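Overview (structure and organization)
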Amino acid sequence: MLKKTMTTVDFGGTERTEDYYFNLTKAEIMEMQLCTDGGFVETVKKIVEAKNQLELTRLFKKIICASYGVLSPDGRKFVKNQQVLDDFMATQAYSDLYIELLSGDGKAAEDFVNGILPKDLTNEAAKAPVSQPGLAVLNP
């Protein structure tokens, strides 16, 4: 899970510093991989290698939207639904994050993506035998 503290100026002119949370579970990553023609990981690689700006913008929006949620006070739930997403997308924080990910040398985007992935994902995928396709596809 990525906790991103952002300082923005809201639409009323008030400066705000707030925490925003982003996370993808293994199940969500698996669904993205299996429900994308050719696989999500391969699709991302092709977009990045082609340096297709239009597709990169769509990809970052998809990743932000898929990963944003609200952490419950007790930490047991990470709520993701359309209302939560709509509320976030209506803030200046969404706009600032989107621009940050699309600008620069790619470091911010890399850090963001690495931050939203489960910490044990790479280790588990690397240990999985090829006969377990469910885990093998998680290894980007």
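Residues numbered from 1 in each chain as written. Predicted model: local features only at pLDDT ≥ 70, side-chain atom pairs only at ≥ 80, totals over all residues. Heavy atoms only, no water.

All right, on to the pattern of salt bridges then. Going through the model one piece at a time under the given rule, you end up with 6 salt bridges. The shortest N-O distance in the salt bridge between Glu-100 and Lys-4 comes to 3.2 Å. Remark: Lys-4 occurs in strand β1 (residues 2–9) and Glu-100 occurs in helix α5 (residues 92–102); sequence separation between them is 96 residues. Exposure remark for Glu-100: the relative accessible area of 32% places this residue in the partly exposed category. The exposure class assigned to Lys-4 is buried, which follows from its relative accessible area of 18%. Residue Lys-80 pairs with Glu-28 through a salt bridge whose shortest N-O separation is 2.8 Å. With a gap of 52 residues between them, Lys-80 in the loop between β4 (78–79) and α4 (82–89) and Glu-28 in helix α1 (residues 26–34) connect regions that are remote in the sequence. (Salt bridge = Lys/Arg side-chain N within 4 Å of Asp/Glu carboxyl O. Helix = DSSP H or I, 4+ residues; strand = E, 2+ residues; numbered from the N terminus. Buried < 20%, exposed > 50% of the residue type's maximum accessible area, 1.4 Å probe, protein only.)

The strands that make up a sheet pair up through hydrogen bonds in the backbone, lying either parallel or antiparallel. If you trace the 4 strands from one edge of the open sheet to the other, you get β1-β2-β3-β4, paired in antiparallel fashion. Strand pairing shows two members of the sheet lacking a second neighbour, β1 and β4, which therefore form its edges. Along the sheet face, helix α3 (residues 53–67) touches β2 (15–22), β3 (68–71) and β4 and points at about 20° away from the line of β3. (Pairing = 2+ DSSP bridges. Contact = heavy atoms within 4.5 Å. Axes fitted to C-alpha atoms, helices over the stretch in contact; angles between N-to-C directions.)

The quantities given are spatial measurements derived from coordinates; they are silent on function.
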